[in-house]
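Okay, here's what each chain looks like letter by letter:
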Amino acid sequence: MRISDLAAEAGVTVKAVRYYESQGLLKPRREANGYRSYEPDDVVVVREVKALLSLGLTAEQTYPFIECLRAGNARADVCPASLTAYRTRIAEVDRRIAELTDLRARLTDLLTDAENWRTR
């Protein structure tokens with residue numbers, strides 16, 4: 001399968017496929033003419049990477065999931081390393097929520113102070 005076919009079937013751009021390849025997530029064969037040749041399983045990999053990136057994981061953090069798929073598992077998230085990656089991302093989200101909660105409280109305090117100052 002050619003790169004444009006893979007991109008279309010997986011719902012990404014050709015540029016995204018090239019990026020995934022540059023990150024080591026895809027390893028296409030090269031045909032005699034130099035064109036990349038992808039396997040049907042690569043569609044599943046690209047869809048999985050796209051979904052994981054949409055959850056805020058980095059390309060590097062998707063490696064355990066791709067390795068899990070390539071090991072023959074029906075799901076990319078059933079391997080121990082994938083579960084660890086989920087836990088790590090959840091911890092990052094929790095930290096960000098705490099930061100945003102603190103920021104909101106500080107802003108609310110400033111707003112309340114400013115509104116009360118105006119009414120004096």
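For every chain, the first residue of its written sequence is number 1, and the numbers climb from 1 along that sequence. Per-residue local features are limited, in this predicted model, to residues with pLDDT of at least 70; the limit for side-chain atom pairs, both in listing and counting, is 80 or more; totals at the level of whole chains, interfaces and linings are taken over all residues. Just so you know, side-chain values use all the structure's heavy atoms and leave hydrogens and water out.

Whenever I open this one, the UniProt feature "domain: HTH merR-type" (unreviewed entry) in the protein confuses me. Can you help?
Those residues carrying the UniProt feature "domain: HTH merR-type" (unreviewed entry) are residues 1-57 in this numbering. Between the C-alpha atoms that bound residues 1-57 there is a distance of 27 Å. The span itself is 54% helix and 7% strand. UniProt positions are given in the numbering used here, feature names are shortened, and annotations may be inferred rather than shown by experiment. Working definition: helices are DSSP H or I runs of at least four residues, strands are E runs of at least two. Numbering for both runs from the N terminus.

Sorry if this is basic, but what is going on with the environment of Y86 here?
Locating Y86 in the fold gives a position in helix α5 (residues 80-118). Spatially, the C-alpha atoms of Y86 and D109 are 34 Å apart, while their sequence positions differ by 23 residues. Note on contacts: a residue pair is in contact if any heavy atoms of the two residues lie within 4.5 Å. Every residue in contact with Y86, bar those within four places of it in the chain, is listed here: L52, F65 and D77.

Help me understand the UniProt feature "coiled-coil region" (unreviewed entry) in the protein, please; the structure alone is not making it clear to me.
UniProt annotation of "coiled-coil region" (unreviewed entry) refers to residues 83-110 when read in the numbering used here. Summarising residues 83-110: 100% helix, 0% strand, and an end-to-end C-alpha distance of 41 Å.

Got a minute to help me understand helix α4 (residues 63-70) in this structure?
Residues separated by three or four positions in an α-helix point in the same direction, a consequence of the helix having 3.6 residues per turn. Categorising residues by exposure relies on relative accessible area from a 1.4 Å probe, with only protein chains included: less than 20% of the type maximum marks a residue as buried, more than 50% marks it as exposed, and the intermediate range marks it as partly exposed. When α4 is considered as a whole, its buried residues turn out to be P64, F65, I66, C68 and L69. Tucked inside the fold, the buried residues of α4 contact α3 (41-54) and α5.

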